[in-house]
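Now for the letters of each chain:
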Amino acid sequence: MLGDDAELTAALLAAQHGDDGAFRTVYRSVHPRLLGYVRTLVGDPDAEDVASEAWLQIARDLDRFSGDADRFRGWAARIARNRALDHIRMRGRRPAIGADETELTGKPAESDTAGEAMEALATSRTLSLIARLPQDQAEAVVLRVVVGLDAKTAAQALGKRPGAVRTAAHRGLKRLAELLGDEPEEEDPAPPGRLDAVPRPRRPHPRAAMPAGVTHSRTRTQKDM
């Protein structure tokens, strides 16, 4: 592991031993793209609430998680998906997706290729276009491109085979390539949503070993964020 992934993995280990600051690092690293995935499923009005429910479960169950940064992203995505599907079942339908608060800003270069559509997703406001895809394609595209999961991890989050996820992502990106070419240029949206309501991670059992140099910090408040 190199760079950001190594740092996220180290923060995960510290957070599992009760380091509040490390948990904030994990949250701020993963939340914006996880929120984008939730928005794909439930739409803008409810995305923050559903994502908050997912983070509460993540914080509660963090001491049961085992793995590195990649595995954590997949685990978090699976939890978020379950909370989103519960929300959809209660409401009764999948909504249209707004495109205001997202990292995907700017206008892509003109192209009709899936490869350049994938590149454009990293810098373009496209969640409203993703909403026009069938749900299996929309989820595959967001998990692979926005959240950054490989096909195997995305398949685990979706409960499908990796080949099915690859096919859905390919078809979705091909369609997005066509849609992106028709998008008018727009001004950059507002910065990503707030990152203040960070749930508190579960404290470890008293017998759990603490990593060297890690100490418990005081209880966090919104002012601290």
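Above this text is the structure in question.
Heads up: these notes are all about the structure in this document.

Criteria and cut-off values
- Residues numbered from 1 in each chain as written.
- Predicted model: local features only at pLDDT ≥ 70, side-chain atom pairs only at ≥ 80, totals over all residues.
- Heavy atoms only, no water.
- Helix = DSSP H or I, 4+ residues; strand = E, 2+ residues; numbered from the N terminus.
- Buried < 20%, exposed > 50% of the residue type's maximum accessible area, 1.4 Å probe, protein only.
- Contact = heavy atoms within 4.5 Å.
- Expected span 1.5 Å × (residues − 1).
- Core = buried A, V, L, I, M, F, W, Y, C linked by side-chain atoms within 4.5 Å.
- Phe/Tyr/Trp six-rings, centres within 6.5 Å; stacked < 30°, edge-to-face > 60°.
- Axes fitted to C-alpha atoms, helices over the stretch in contact; angles between N-to-C directions.
- Parallel < 35°, antiparallel > 145°, perpendicular 65-115°, else oblique.
- Nonpolar A, V, L, I, M, F, W, Y, C, P; charged D, E, K, R; others polar.

## Structural notes on the overall build of the chain
A count of helices and strands for the chain gives nine helices and zero strands. Per-residue burial for the chain yields a buried fraction of 46% across its 225 residues. In the chain, the proportion of contacts linking residues at least 24 apart, taken out of those at least 6 apart, comes to 72%.

## So, helix H3 (residues 44-61)
The end-to-end C-alpha distance of H3, which contains 18 residues, comes to 26 Å, matching closely the 26 Å that a straight helix rising 1.5 Å per residue would cover. Taken residue by residue, H3 has Asp44, Ala47, Glu48, Val50, Ala51, Ala54, Trp55, Gln57, Ile58, Ala59 and Asp61 as its buried positions. Summarising the contacts, the buried residues of H3 are in contact with helix H2 (20-42) and helix H4 (69-91).

## What to know about the nonpolar core
Across soluble globular proteins, nonpolar side chains have a tendency to be buried as a group. Core analysis: the largest hydrophobic core is formed by 59 residues, its most contacted members being Phe72 and Leu143. Discounting chain neighbours no more than four positions away, the residues touching Leu143 are Tyr37, Ala77, Gly148, Leu149, Ala154, Ala157 and Leu158.

## A look at helix H7 (residues 135-147)
Taking burial as the measure, the 13 residues of H7 include ten buried ones, the bulk of the element. Those residues of H7 lying buried are Gln137, Ala138, Glu139, Ala140, Val141, Val142, Leu143, Val145, Val146 and Val147. Just downstream of H7 lies Gly148, where phi reads positive at about 90°.

## Some remarks on the environment of Leu41
Mapped onto the elements of the fold, Leu41 is located in helix H2. Between the alpha carbons of Leu41 and Leu85 there is a distance of 7.7 Å; along the sequence they are 44 residues apart.

## Comments concerning the packing of aromatic side chains
With the rule as written, the count across this model stands at five aromatic pairs. Members of the aromatic cluster, connected to one another through ring pairs, are Phe23, Tyr27 and Trp55.

## A short note on the environment of Ile58
Along the chain, the position of Ile58 falls in helix H3. With relative accessibility at 0%, the residue Ile58 sits in the buried group. Taking the C-alpha atoms as reference points, Ile58 and Trp75, 17 residues apart in sequence, are found 8.7 Å from one another. In this structure, Ile58 is in contact with Leu34, Phe72, Trp75, Ala76 and Ile79, ignoring residues within four places of it in sequence.

## A few points about the packing of helix H8 (residues 151-158) against helix H9 (residues 162-181)
At their nearest, the axes of H8 and H9 sit 8 Å apart, and the two run at 100° to each other. Our classification of the angle between H8 and H9 gives roughly perpendicular. Across the interface between the two elements, Ala151, Lys152, Ala154, Ala155 and Leu158 from H8 touch Pro162, Val165 and Arg166 from H9. Taken together, the residues of the contact of H8 with H9 sort by class into six nonpolar, no polar and two charged.

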